[in-house]
Amino acid sequence: MTLPSPMRIREMVRKEFRQLFRDPRTRAVIFVAPVIQLLMFGYAVNTDIRETATFLIDHDRTLESRKLVDAFRATGYFEVVGRSERPLDLVRALDHGDALVGIEIPKGFARDLAAGGTSIQLILDGAESNSATVAQGYAQRIVQRFALERARQRGALPSGGIELRTRAWYNPNLESRVYNVPAVVGVIIMLMCLLLTSLAVVREREFGTLDQLVVSPLTHQELMLSKTLPVAVVGVIDLTAIALIAVFWFDIPIRGFPPTLFLAALLYILSGLAVGLLISTISRTQQEAFMSMFLFLQPAIILSGFFYPIESMPSVFRWVTLLNPVRHFLEIIRAVFLKGEGLATLWPQYVALAIIAVAVLRLAVARFPKSIAA
Amino acid sequence: MAQPTVVLSDLSRRFRDVEAVDRLTFSVGRGELFGIVGPDGAGKTTTLRMLAGVLRPTGGDARVGGVSVTRDPEGVKRHIAYMSQRFGLYTDLTVRENIDFYADLFRVPADQRARRLERLYQFSGLGPFERRLAGQLSGGMKQKLGLCCALVHEPEIMLLDEPTFGVDPISRRDLWLIVHEMVAAGITVLVATAYLDEAERCDRVAMLHAGQLLALDTPEGFRRRLTGRIQTVRTSAPRQTRDLVAAHPAVQHAVLFGDMLHAILDDPARDWPDVKSRIASAGITILEEAAGEPSLEDVFIHLVTSAPAHA
């Protein structure tokens, strides 16, 4: 086997870059789309709830009941959008989606509270399960605090009472953006690597230029290298650009050592290139390449822990996620960004990424020549 | 024949249960313009792809420029240029960028570039379009650019797969001028074509049918193979005329080319009047008639139809 010729690779890479940058649409895909996607995800993917539409039924209408309602409103999480005496109105508001939360304070609330104990009813729109769960958590804390406050005022802190004081480390305000934006960076980079690599090869096949390359002195290794190198460069540039936007625009703290992230990015990009190359070996046309790409990317994102925690997946899927480069990279990027962790704790993820990258690359390299010689 | 530079010996390629190329054996001399003709599916493209070292034979071997395509397919590539039926151009690169890219890939020395480029522009006429994107060229110009790209590394042997496919008549003539230039420059050219009028331009022609070599000869030699003479006739009822003429004992063959009937007769001067009277007595009007030289097309049809059925 002859060694790849750096000169031929240089000529190929030069041609690849020329093609990448010539088409304004491709330029936009490479440099504008990632930024737009980041901005979109940064602003739109927000699982925090604020000013949740709340319908109030206060049968008690006392000072105490108003204080409780004020406690709800003061947090900013709940906004009373309607009130009534009749429970039927609450049902209607929830049915029509006018309110997500209903609070019903029973008659005699103040009296029973003074006498020792009482309860209020919280009704949630379970169809919006994410928001409902979050709202429920807030409501519980508000009621708890309200009760403690009352007890303290009367100087009668229940003996043996435990107060739960919660602190969310790394993301004190539990802002979902801080959690999501680093993950979006990972997903965008994977998308770029898959798209550019697979299309770069498949386009040559569609144009018929691949035939000409095959009869040229260019070897398979040289062809693969010259198809992946430009994408790797674009990937690193994109990563740097959107990471800077994440830090300086979205104020995502970067607590770890940036080169740690860079090393992970290289392994991650390598695995993306490998999958892209593999896709190019099974796709004859650009449409097929697109289809294959989404068949990979969709499950890869769902099983990455981006939106749904891996811990709550059935064990089979938890195992499957170990094969998913996106999962490992998201764990690294979140830990480096938010917790300031480094190789000392994250080495298993690095090793996993490296193994995945090498394994897929080997598979792609093995399949590549056969897919070329049609 | 000059010293052979392309030698096929029992070259075969099987696709599943189809013998696309079946034990082809022939040689092409250095500097020869060699045609491979046959209808679609005859195995022309498969043969050229094997000679280019792109497709592995399933049987036999071929030596191209002295290099075996089975033992050293990569080594073959130094000697040849291969232009596939649809030559792949980078439509998003300019004419000049396309040529430069292939020159770079084949590492054409810098001091020879200018001279070669000038020559290529000279006989392709692409000079004025140097900065145009290849995607915006006409079909004929695209093929010319393909030829330029293939020629930029000055190959010894040029494999052309239907270079004039889908090209207008003017560009077709231009392309053939380029091919003749190449031959004059000492390049051995193997050209596959489905057009038999193009095969007439070749020094020698191999006729392929269903993967097998039907015959190999010079165009002149092929014509001599026909013992009879050609009589062409156009009538008001072409199909009926064909059946009538074919049934006549003096007619070897009668084949329709469009609405023109080509009949092969041993001695038209003696027998044609009788054939004509039969056409007339069937109530068919003769619109046009001529005595002609047999074309390669006549020979080919004759060979195909008189060849023993393939197993």
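Residues numbered from 1 in each chain as written. Chains lettered and ligands numbered in written order. Predicted model: local features only at pLDDT ≥ 70, side-chain atom pairs only at ≥ 80, totals over all residues. Heavy atoms only, no water.

Draft legend 1. A look at the overall build of chain B. Within chain B one finds eleven helices and 14 strands. If you line up chain B on its principal axes, its C-alpha atoms span 75 × 45 × 35 Å. Nonlocal contacts in chain B, meaning residues at least 24 apart in sequence, comprise 69% of its contacts between residues at least 6 apart. Within the structure as shown, chain B displays about 13,500 Å² of accessible surface, and the carbon and sulfur contribution to it stands at 50%. On chain B, the mean spot of the 37 positive side-chain charges and the mean spot of the 40 negative ones are 4 Å from each other. (Helix = DSSP H or I, 4+ residues; strand = E, 2+ residues; numbered from the N terminus. Contact = heavy atoms within 4.5 Å. Areas by Shrake-Rupley, 256 points an atom, 1.4 Å probe, with all protein chains shown as cover. Lys, Arg positive; Asp, Glu negative; His and termini not counted. Charge placed at Lys NZ, Arg CZ, Asp CG, Glu CD.)

Draft legend 2. Region of interest: the environment of Met190(A). Residues and elements named next belong to chain A. Checked against the element boundaries, Met-190 lands in helix α7 (residues 176–207). When its relative accessible area of 1% is taken as the criterion, Met-190 is described as buried. Placed 90 residues apart in sequence, Met-190 and Leu-100 show a C-alpha to C-alpha distance of 36 Å. Dropping the residues within four chain positions of it, Met-190 is found in contact with Tyr-268, Ser-271, Gly-272, Phe-296, Leu-297, Pro-325 and Val-326. (Buried < 20%, exposed > 50% of the residue type's maximum accessible area, 1.4 Å probe, protein only.)

Draft legend 3. Representation of helix α14 (residues 343–372) of chain A. All names here are of chain A. At Gln-349, α14 shows its strongest bend, of approximately 30°. Of all the positions in α14, only Leu-346, Gln-349, Tyr-350, Ala-352, Leu-353, Ile-356, Ala-357, Val-360, Ala-364, Phe-368, Ser-371 and Ile-372 are classed as buried. Those residues of α14 that are buried are in contact with α7, α8 (209–214), α9 (220–248), α10 (258–282) and α13 (325–339). (Bend = angle between axes of the 7 residues up to and from the residue.)

Draft legend 4. Highlighting the interface of chain A and chain B. Across the boundary between the two partners, chain A contributes 25 residues, which contact 25 residues of chain B. Between chain A and chain B lies a buried interface of about 2,400 Å² when both sides are counted; carbon and sulfur atoms form 55% of it. Applying the counting criterion to the chain A and chain B interface returns four salt bridges. Note that Asp104(B) and Arg14(A) form a salt bridge whose closest N and O atoms lie 3.8 Å from each other. Linking chain A with chain B are eight residue pairs in polar contact (both at pLDDT 80 or more). Of all the secondary structure elements, the ones that give two or more residues to the side of chain A that touches chain B are α1 (6–22), α7 and α8 of chain A. Top contributing element to the side of chain A that touches chain B by residue count: α1(A), with nine residues. Looking at side-chain class alone, the side of chain A that touches chain B contains ten nonpolar, five polar and ten charged residues. (Buried area = accessible area lost by both parts, 1.4 Å probe. Salt bridge = Lys/Arg side-chain N within 4 Å of Asp/Glu carboxyl O. Polar contact = N/O pair within 3.5 Å; in protein donor to acceptor, adjacent residues only side chain to side chain. Nonpolar A, V, L, I, M, F, W, Y, C, P; charged D, E, K, R; others polar.)

Draft legend 5. Structural view of the sheet that holds strand β4 (residues 59–64) of chain B. Residues and elements named next belong to chain B. Spatially, the four strands line up as an open sheet ordered β2-β1-β4-β5, and their pairing is antiparallel. Of all the strands in the sheet, just β2 (18–29) and β5 (67–68) have a single pairing partner and so form its edges. Of the strands in this sheet, β1 (4–15), β2 and β4 are in contact with helix α1 (residues 44–51), which crosses β1 at around 120°. (Pairing = 2+ DSSP bridges. Axes fitted to C-alpha atoms, helices over the stretch in contact; angles between N-to-C directions.)

Draft legend 6. Representation of the environment of Gly221(B). All names here are of chain B. Counting through the fold element by element, Gly-221 comes out in helix α8 (residues 219–225). Under the relative-accessibility criterion, Gly-221 is labelled buried at 5%. Sequence separation between Gly-221 and Arg-204 is 17 residues; the distance between their C-alpha atoms is 9.1 Å.

Draft legend 7. Main features of the pairing of β2(B). Residues and elements named next belong to chain B. Summarising the sheet, β1 and β2 pair through eight bridges and their orientation is antiparallel. What sits directly across from Val-7, in β2, is Ser-27. Counting the residues that bridge the hairpin from β1 to β2 gives two residues, and of these Arg-16 lies at a positive phi of roughly 50°.

Draft legend 8. Structural detail: the domain arrangement of chain A. Segmenting chain A into domains produces domain 1 (6–45 + 175–373) and domain 2 (52–161). When each unit is reduced to the centre of its C-alpha atoms, the spacing between domain 1 of chain A and domain 2 of chain A is 48 Å. (Domains from an automatic or database assignment.)

Draft legend 9. How the structure looks around the side chain of Ser65(A). All names here are of chain A. Examined against the element boundaries, Ser-65 turns out to sit in helix α3 (residues 63–74). Note on Ser-65: relative accessible area 0%, which makes it buried. Excluding residues that lie within four positions of it along the chain, Ser-65 makes contacts with Asp-58, Asp-60, Ile-105 and Phe-109.

Draft legend 10. Geometry of the sheet that holds strand β3 (residues 33–37) of chain B. Residue and element names in this part refer to chain B. Judged by pairing direction, the sheet is mixed, and its six strands sit side by side in the order β6-β7-β8-β3-β9-β10 without closing on themselves. Of all the strands in the sheet, the pair left with one neighbour each is β6 (80–83) and β10 (212–217). Sheet twist, expressed as the average angle between the axes of neighbouring strands with direction ignored, equals 15°. Summarising the sheet, β3 and strand β9 (residues 204–209) pair through four bridges and their orientation is parallel. Bridge assignment links Val-37 to a residue of β9, and that residue is Met-207.

Draft legend 11. Main features of α7(A). Residue and element names in this part refer to chain A. Compared with an ideal rise of 1.5 Å per residue, which puts 32 residues at 46 Å, α7 spans 45 Å between its outermost C-alpha atoms and is within 8% of the ideal. A bend of about 25° at Ala-200 is the largest found in α7. Most of α7 sits inside the fold, with 27 of its 32 residues counted as buried. Following α7 by one or two positions, Gly-208 adopts a phi angle in the positive range, close to 85°. (Expected span 1.5 Å × (residues − 1).)

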